[in-house]
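# Geometric and topological summary
One-letter residues, chain by chain:
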Amino acid sequence: MTHSHLLLRRYVLLQGVMALIGVLALLFNPALGWGVVLLTLAAAGITAVDIAALLPTPIRPTWLKAVHGLVGGFLRSRFLILALLLPSALAVISLLGSGSLTKCVASLFFVVVWPWVTIGVLLTASDAQRHQARMFLIQLTAASLSLVLFAGLLELLLQVAFNALPLNLRHQLPQAPLRYGIQYATPHGAREYPAYEKVDLLITNRSGDLFSLTCLTPPPPTPESDYRVQYQRDEHGFRNPSPWPAAASLVVVGDSFTAAESVTAPYWMGLAADTLNLGLSGSGSLEQLLLLRAYGLPRNPRVVVMAYFEGNDLTDTWLLAQARERGVTLYDLMRPHRPWEYLVTYQIAATLLKKPQPTKACHYPVMDAQQHPLTFTGQELTLSTIDAAALRDSALFQQTRSAILDAAHETQASGAVFVLAFIPHKAHVYWESLIAAGQITTFSGDTLVAEPTAEGLRFNESISDPAEIADYLVRNMDAQRQLLAELADEAGFLFLDFTPALQAASAGSDLLYFYGDTHWNQTGHDVARQTLQAFLQAHHLLEVNT
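Presented here is a report on the structure given in the accompanying data block. Bear in mind that the values here come from a model prediction, so they are computed numbers and not experimental data. (Residues numbered from 1 in each chain as written. Predicted model: local features only at pLDDT ≥ 70, side-chain atom pairs only at ≥ 80, totals over all residues. Heavy atoms only, no water.)

### Quick look at the state of the cysteines
A full pass over the atoms with the stated rule returns one disulfide. Across the disulfide, Cys215 is cross-linked to Cys362 (sulfur-sulfur distance 2.0 Å). With the S-S bond torsion at 75°, the cross-link from Cys215 to Cys362 turns out right-handed. A residue pair is termed long-range when its members are at least 10 positions apart, and Cys215 in the loop between helix 9 (210–213) and strand 2 (227–232) and Cys362 in the loop between helix 14 (344–353) and strand 6 (366–367) qualify at 147 residues. The exposure class assigned to Cys362 is partly exposed, which follows from its relative accessible area of 35%. (Disulfide = S-S within 2.5 Å. Helix = DSSP H or I, 4+ residues; strand = E, 2+ residues; numbered from the N terminus. Buried < 20%, exposed > 50% of the residue type's maximum accessible area, 1.4 Å probe, protein only.)

### Considerations on the pairing of strand 8 (residues 417–423)
Counting buried positions over the seven residues of strand 8 gives six, a clear majority of the element. Pairing between strand 5 (residues 303–309) and strand 8: seven bridges, direction parallel. Note that in strand 8 the partner of Tyr308 across the bridge is Phe422. (Pairing = 2+ DSSP bridges.)

### Quick word on the packing of aromatic side chains
Following the criterion strictly, the structure yields 17 aromatic pairs and no others. Between Trp244 and Tyr295, the ring centres sit 5.3 Å apart and the planes meet at 85°, which makes this aromatic pair edge-to-face. Highlighted residues: Trp244 in the loop between strand 2 and strand 3 (250–254) and Tyr295 in helix 11 (residues 285–296), separated in sequence by 51 residues. Taken as a pair, Trp244 and Tyr295 share a single burial class, namely buried. Between the aromatic rings of Phe418 and Phe493, the centroid separation amounts to 5.2 Å while the plane-to-plane angle is 90°, which identifies the pairing as edge-to-face. Of this pair, Phe418 sits in strand 8 while Phe493 sits in the loop between helix 22 (479–491) and strand 11 (494–497); the two residues are 75 residues apart in sequence, bridging distant segments of the chain. (Phe/Tyr/Trp six-rings, centres within 6.5 Å; stacked < 30°, edge-to-face > 60°.)

### With respect to the packing of helix 12 (residues 313–326) against helix 17 (residues 395–413)
Axis separation between helix 12 and helix 17 bottoms out at 9 Å; the angle between their running directions is 85°. With respect to each other, helix 12 and helix 17 are oriented roughly perpendicular. Contact with helix 12, carried on its side by Asp313, Leu314, Thr317, Trp318, Ala321 and Glu325, involves Ala395, Leu396, Phe397, Gln399 and Thr400 of helix 17 and no other residues of that element. Partitioning the contact of helix 12 with helix 17 into residue classes produces six nonpolar, three polar and two charged. (Axes fitted to C-alpha atoms, helices over the stretch in contact; angles between N-to-C directions. Parallel < 35°, antiparallel > 145°, perpendicular 65-115°, else oblique. Contact = heavy atoms within 4.5 Å. Nonpolar A, V, L, I, M, F, W, Y, C, P; charged D, E, K, R; others polar.)

What follows is the structure in structure tokens.
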């Protein structure tokens, strides 16, 4: 037996083992992408032919002799090699796009190794032209390395130009918060934005989260309405003058409504000369409690206002509580850490390969009785499907309830007055007008009905009829508002409900929320400021600026 034939037998044996791994992986993972299925079928067929071609000549069927001759020629084998690399590349992309690569390790091993073993079979089979085969293998390896080098350089350039990438693409990358400079591992346990960062935002009618969260499309640009929001963060990443005052008569904590990065005059601005704003986007009551302890109460405030947003404060508090129980940061809990998901090129490929959703008419914007163009997210409305009785005793609400009570008790123990301010979501403000216009069932189908459990929220996906979902919303829209008012009365702290004032203002011609965003615009902040100002004056809490 010649050295070449012995080497061929070893290659084919290894090829058979790899093909078997691929077939077994396919059987145990039936949900694998079509690229992996294609390569596995090719592996089974090609490997079977190669193994049969090694049989002794008397046993070998005539058609296998012809096939072996077809494979053995150098030019033909080169063509087969290039044809083989195509399904291999498709299989790799299919696996990377599956989002569950840890469950497909065997498939990945097969996809990466089998094609190259088979290339060895093809090249060794062309023994008569082994010099040419060797040169072709060198060229193929050089081309592969060049491709890898190109992909690496492209990825490096995209990572360097991270802030210039489209916003939607950046938000898909798990390193985005870290690249923005957000700190997760802080002494007090709450997140912080970078100190002294200069914020310069251009706000247009094409700005907002609803363009990516819903089917809403931007209206034609209107440059005359564009404006800029410019300020510099303080030493702890909040929107305050720096340095902080030694004492602050008014401390305000809350989420993105209080951080108010898209307006020039937030609702708390100007109420008192020594106001300290601790608004942090994406925070819930628990994280706000940590900030109040670390920065608010040490400045001996006379009044503390904790702003509660009904759209997501329950879930934001739940997530942070889960992270603290597991001894990890919020980033570790919420963000995937699979290495390939940090690659910009992977995210681009995954986006391009994503199966398009069936096209259907977009029902946004919805027009209320005053012909306001409105858009809502199912995520915010989901919490409004839960009735007060189920929510009251749930672990989900108890986490938030405990954080609010701790904030109230610690504030009162310091000699200050605690105020819980309730911020309704957009649909809640325009609810009666939407009912009058008969528009609830137009968008309710986007909402999942939920029920609280010991593990957080459980979604009832069997309820999909818009009219049935609308009934849940109509019955439970005021559940959170009711529970928090009861809590304030029970614990003895003040409760400010922004809902009535916003609902009254919603009857006017001006929108209170951005067209393409879930947050108040400047008009909404102005209404909230006037409401908070009147509340503070009515309770003789502060001599607020007018």
